[in-house]
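# Structure assessment
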Amino acid sequence: MIIAVDGPTASGKGTIAKALAQHFGLPHLDTGLLYRAVGYQVFLYDGAPDDPVEARAATTFPNELLGHPELRSEATGGLASRVSVHPGVRKALLERQQAFAGQPGGAVLDGRDIGTVIAPNADVKLFVTASVEARAKRRWQEMRDRGESHTLLEIEDDLRRRDERDRNRAAAPLTVAPDALVLDTTALDKDASIAAAIEAVREAMGKTS
């Protein structure tokens, strides 16, 4: 069983995808981490994330970089959004993601183009969303817990910029797959969001079985 979980930044898709993987006994891949690694690799070499050639070269990052704590920072998230607009970067990472999705038994993948590009034939597709205000508050709390200092307004502005880039990029823009189940987590806490996602998957699988 392949489960595709898409959605904008801080919508809760990563938390939901991990919970689905644990519940259904499937391996999980946070594809956004790959783009964060590319963005951080560009940063490490003083490159330009908006340059398609330099961004493409950074896709050869070492695997151990995926465990670097800085990949979870807000700054690296912004770099990931910028390098992800380049078709060359997306093409370079496509095979790795599709291989993960196609492993025996299935998998859960979360990102922004899983259900539309990476695994268009996924058994279940979820599109997790929430208001910018709700997402900003969640991200602000996460950053505060990590000791990072940003205002809610700064985070809201950054999320809007990322959404704009993700939805309007030429290569694999963020969009809802026609057969995706939309889950709005604006008014849901973590446990309620996970419960709703599990129920949605069960219902979808029941309809296809």
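I will try to describe carefully the structure that is included in this document. From a predicted model like this one, the values you see are computed outputs, not experimental measurements. (Residues numbered from 1 in each chain as written. Predicted model: local features only at pLDDT ≥ 70, side-chain atom pairs only at ≥ 80, totals over all residues. Heavy atoms only, no water.)

## A word on helix α4 (residues 74–83)
Of all the 10 residues making up α4, eight are buried; the element is thus mostly covered by neighbouring parts of the structure. Listed in full, the buried residues belonging to α4 are E74, T76, G77, G78, L79, A80, S81 and V83. (Buried < 20%, exposed > 50% of the residue type's maximum accessible area, 1.4 Å probe, protein only. Helix = DSSP H or I, 4+ residues; strand = E, 2+ residues; numbered from the N terminus.)

## Side note on the sheet that holds strand β2 (residues 28–30)
The parallel open sheet is built from five strands, whose spatial order is β2-β3-β1-β4-β5. Where the open sheet ends on each side, the last strands, each with one partner, are β2 and β5 (181–184). Mean inter-strand twist for the sheet, computed between neighbouring axes without regard to direction, equals 20°. Summarising the sheet, strand β1 (residues 2–6) and strand β3 (residues 107–111) pair through five bridges and their orientation is parallel. Following the sheet pairing, V5 is matched in β3 by D110. Across the sheet, helix α1 (residues 13–24) is in contact with β1, β2, β3, β4 (124–129) and β5; its angle to β3 comes to roughly 180°. (Pairing = 2+ DSSP bridges. Axes fitted to C-alpha atoms, helices over the stretch in contact; angles between N-to-C directions. Contact = heavy atoms within 4.5 Å.)

## Side note on helix α2 (residues 31–44)
Here α2 spans 20 Å end to end across 14 residues, near enough to the 20 Å set by a 1.5 Å rise per residue. Counting buried residues along α2, 12 of its 14 residues qualify, which places the element largely inside the surrounding structure. For α2, every residue scored as buried is listed here: T31, G32, L33, L34, Y35, R36, A37, V38, G39, Y40, Q41 and V42. Taking the backbone nitrogen of G32 as reference, a side-chain oxygen 3.0 Å away marks D30 as the first, capping residue of α2. (Expected span 1.5 Å × (residues − 1). Polar contact = N/O pair within 3.5 Å; in protein donor to acceptor, adjacent residues only side chain to side chain.)

## A word on the environment of E54
Tracing the backbone shows E54 in helix α3 (residues 52–57). Dropping the residues within four chain positions of it, E54 is found in contact with V42, G47 and A48. Separated by 2.6 Å, the side chain of E54 and the backbone nitrogen of A48 make a polar contact.

## Quick word on the pairing of β1
Along β1, five of the five residues are buried, which leaves the element largely enclosed by surrounding structure. Both faces of β1 are covered, namely the face carrying I2, A4 and D6 and the face carrying I3 and V5. In this structure, β1 lies alongside β4, joined through four bridges in parallel fashion. Opposite V5, over in β4, you have L126 as the bridge partner.

## A look at the nonpolar core
With 19 residues, the main nonpolar core has I3, V5, L20, V108 and L126 as its most contacted residues. For this core, the elements supplying multiple residues, two or more each, are β1, α1, β4 and α9 (190–208). Element by element, the count of residues in this core is highest for α9, at six residues. In contact with L126, other than residues within four places in its own chain, are A4, V5, D6, L20, L181, A197, A200 and V201. (Core = buried A, V, L, I, M, F, W, Y, C linked by side-chain atoms within 4.5 Å.)

## Remarks on the environment of V182
Along the chain, the position of V182 falls in strand β5. Put simply, V182 and F61 are 121 residues apart on the chain and 34 Å apart in space, counted from C-alpha to C-alpha. If near-sequence neighbours (up to four positions away) are discounted, V182 is found in contact with F127, T129 and V176.

## With respect to unusual backbone geometry
Positive phi is not limited to glycine here, since A10 has a value of about 65°. By the element assignment, A10 lies in the loop between β1 and α1. The phi dihedral of D46 is positive, around 55°, even though this residue is not glycine. Secondary-structure assignment places D46 in the loop between α2 and α3.

Any link to function would need more than the numbers given here.
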